[in-house]
Each structure stands twice: as structure tokens, then as C-alpha cells.
Amino acid sequence: MMRPAEVPILEAEELHTYYGASHILHGISLSIRAGETLSLMGRNGMGKTTLLRSLLGLTPPRRGTVKIHGRDMTGAPPQQIVRQGIAFVPEDRGIFPNLTVRENLIMAARPGPTGRRDWDLTRILDTFPRLAERMSNMGNHLSGGEQQMLTVGRALMTNPDLLLLDEATEGLAPLIRKEIWSVVRTIRQSGIAVVIVDKDIKALLKLADRNIILSKGRIVYEGDSADLAAKPEIHTRYLGV
Ligand SMILES: Nc1ncnc2c1ncn2[C@@H]1O[C@H](COP(=O)(O)OP(=O)(O)OP(=O)(O)O)[C@@H](O)[C@H]1O
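Residues numbered from 1 in each chain as written. Predicted model: local features only at pLDDT ≥ 70, side-chain atom pairs only at ≥ 80, totals over all residues.

Time to look at the overall build of the chain. Assigned secondary structure in the chain consists of 10 helices and 10 strands. Taking 241 residues into account, the globule formula puts the C-alpha radius of gyration at 18 Å, and the chain, at 17 Å, falls close to it. Its C-alpha atoms put the chain at 45 × 40 × 35 Å along the principal axes. The buried share of the chain, taken over its 241 residues, is 37%. (Helix = DSSP H or I, 4+ residues; strand = E, 2+ residues; numbered from the N terminus. Rg over C-alpha atoms; globule rule 2.2 N^0.38 Å. Buried ≥ 20, exposed ≤ 12 C-beta atoms within 10 Å, placed from the backbone.)

Below, the structure written as C-alpha cells:
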């Protein structure tokens, strides 16, 4: 089944999200097209994670709409949203500590929403040679970097159209970070759309087609990497660099 290319994978309109009485997102609208890489930037606490959680229905917005492949999914439970071809790599990693690397990967396997199965175990192990060496290790006997790769590997096993990555390189050694960035480039080249939150602005600018900056739950900047790189005043004002 082919989909018309002009329908965005995901389209959010006027999202307002709260934690109890705290109003966190104040009318966020964005759309993500097939194969596009979008960075989400902003200082700590500006709402990046909350936005990803709102798109996934984990922290449902109180107002606004979320459409996936043109279908209104507002208010749908997260398991139904991810079935539309969205995969999430959360900040705190999501692996089963008492299962092996192989079991963790195999459990996540499923075709994408259009039946696509091009990310299988073989391709994952080609992409992450470190995981190939650790196939029978338990999830909790992996280094932080290996756990992160396993989390990304599990996400890819679902053959998503869109991958949401929240601080995938956080707390990792420089060499492992480099490997993660290289994997993100591979994912991008494979045609999967990516939304990525990270503190490494330089790496984001190299990778992203488009960048969005959040401040206090609002979009304060949107532009391509050449434009953002040429605006140091935006960096100073909203990114603190
Ligand atoms: N479960 C929660 N309950 C109440 N407030 C929360 C909760 N989670 C986050 N917040 C608040 O919501 C705001 C946005 O947080 P969020 O985690 O989305 O920001 P962020 O931009 O992702 O920052 P960080 O890089 O620190 O994760 C912050 O003020 C935070 O304190």
C-alpha cells in the first residue's frame, strides 16, 4: 500500500498540555514529512520531552489535535499511536533487563503499518556490530552505550516511518556518542523520518533538515540548519550557547 507523499506523517495543531494545574505546552503546531529529520532544541525544562509525550499520547494534550498519516488520532491510547508507525526512544531507555539482547530485539519485531519489514534482526546487527557481539548478554549486563543501542535497535525492529529520539547520547562517552550519531545518519538515509532532542547543537545542525526551538512551551524559532547556524543571537537567547 502506497501513501500519497504530500500527507505529512504527523501533524499536530495547537497542542496545550498540562501536568495537573501546570500549563506546559502553549499551542504547539508542527508537521513532519516523510523522511524528514527535525531537531527539537531548547534549554532544560522548556517542554521538549512533554511535546514528544504529547504526540505519542503518553501525556495527552488537553487541547489540540494530532493527526498521523492524515488520520485524527487525538486522544488515542499510545499503543494505538505507535501502531501507526511511530517509534519512541525515551530518555530513560526501554529494554527488558532480564532478557538477552537477542530476546529484546526479537520481542519488538513487527512489520510497519504498510507491511514493510526491511528492518529485521540481520540488518540491526549489521548496523550495530556491538550488539552482534553481545547477543546472549542480559539487558542489565550491558554498558550504557550498548543499552542505548539496544533501545534504538528495538525501535527499528518495529519498522517505523517516524522515530522519536529523546536525548539518545545523554551521559555517554564521546566514542559511543559518535557511534550513535552515525547510526542516526544511517536511519535517516534509510528514509525513516526522525525527530531528535539532544544537547549537542553542532551535531543536530549537521544532521537536521529543519530545527525547532522551544521556550516555555512555545515554538520561538523554526528554520533550516543553514539559517540557524547563521543566527548566533538565537543561540545566545534560547540555547544558552
Ligand atoms: N511529571 C511531571 N509533573 C509535573 N511537571 C512536570 C512533569 N514532567 C515535567 N514537568 C515540568 O514540565 C516542564 C517541561 O519539562 P520537559 O521535561 O518537557 O522539558 P524538556 O525541555 O524536555 O527539558 P529536559 O531537557 O530537562 O528534559 C518543566 O517545567 C518540568 O518541570
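This part takes up the site of the ligand. In the neighbourhood of the ligand, the contacting residues comprise Tyr 19, Ser 22, Ile 24, Gly 42, Asn 44, Gly 45, Met 46, Gly 47, Lys 48, Thr 49 and Thr 50. At the level of secondary structure, the elements contributing two or more residues to the shell around the ligand comprise strand E2 (22-32) and helix H1 (48-56). Considering every element that reaches the shell around the ligand, the biggest residue donor is H1, with three residues. (Near = placed C-beta within 6 Å.)

Turning to unusual backbone geometry, a few remarks are in order. Even without a glycine there, the phi angle at His 69 is positive, about 50°. Structurally, the position occupied by His 69 is in the loop between strand E4 (63-68) and strand E5 (71-72). You will see that Glu 167, though not glycine, has its phi angle at about 50°, which is positive. Its location among the elements puts Glu 167 in the loop between strand E7 (162-166) and helix H7 (174-189). Glu 167 sits in the partly exposed class, given 19 other C-beta atoms within 10 Å.

If you walk across this open sheet you meet the four strands as E2-E1-E4-E5, and the pairing is antiparallel. Edge positions in the sheet fall to E2 and E5, since each has one partner strand and no second. Judged from the five bridges that link them, strand E1 (residues 10-19) and E4 form a sheet pairing that is antiparallel. For Glu 13, the partnering residue across the bridge sits in E4 and is Thr 65. (Pairing = 2+ DSSP bridges.)

Here E4 runs beside E5; their pairing, made up of two bridges, is antiparallel. Pairing of Lys 67 across the sheet is with Asp 72, part of E5. Hairpin connection from E4 to E5: two residues lie between these consecutive antiparallel strands, with His 69 at a positive phi of about 50°.

If you look at the biggest cluster of nonpolar residues, it comprises 58 residues, and the most contacted ones within it are Leu 162, Leu 163, Leu 164 and Val 194. If we ignore the near neighbours within four places in the chain, the residues touching Leu 164 are Leu 52, Ile 86, Phe 88, Val 89 and Val 195. (Core = buried A, V, L, I, M, F, W, Y, C linked by C-beta atoms within 7 Å. Contact = placed C-beta atoms within 7 Å.)

Time to look at the sheet that holds strand E8 (residues 193-197). Spatially, the six strands line up as an open sheet ordered E6-E7-E8-E3-E9-E10, and their pairing is mixed. Only two strands of the sheet have a single neighbouring strand rather than two, namely strand E6 (86-89) and strand E10 (218-223). With direction set aside, neighbouring strand axes in the sheet form an average angle of 15°. (Axes fitted to C-alpha atoms, helices over the stretch in contact; angles between N-to-C directions.)

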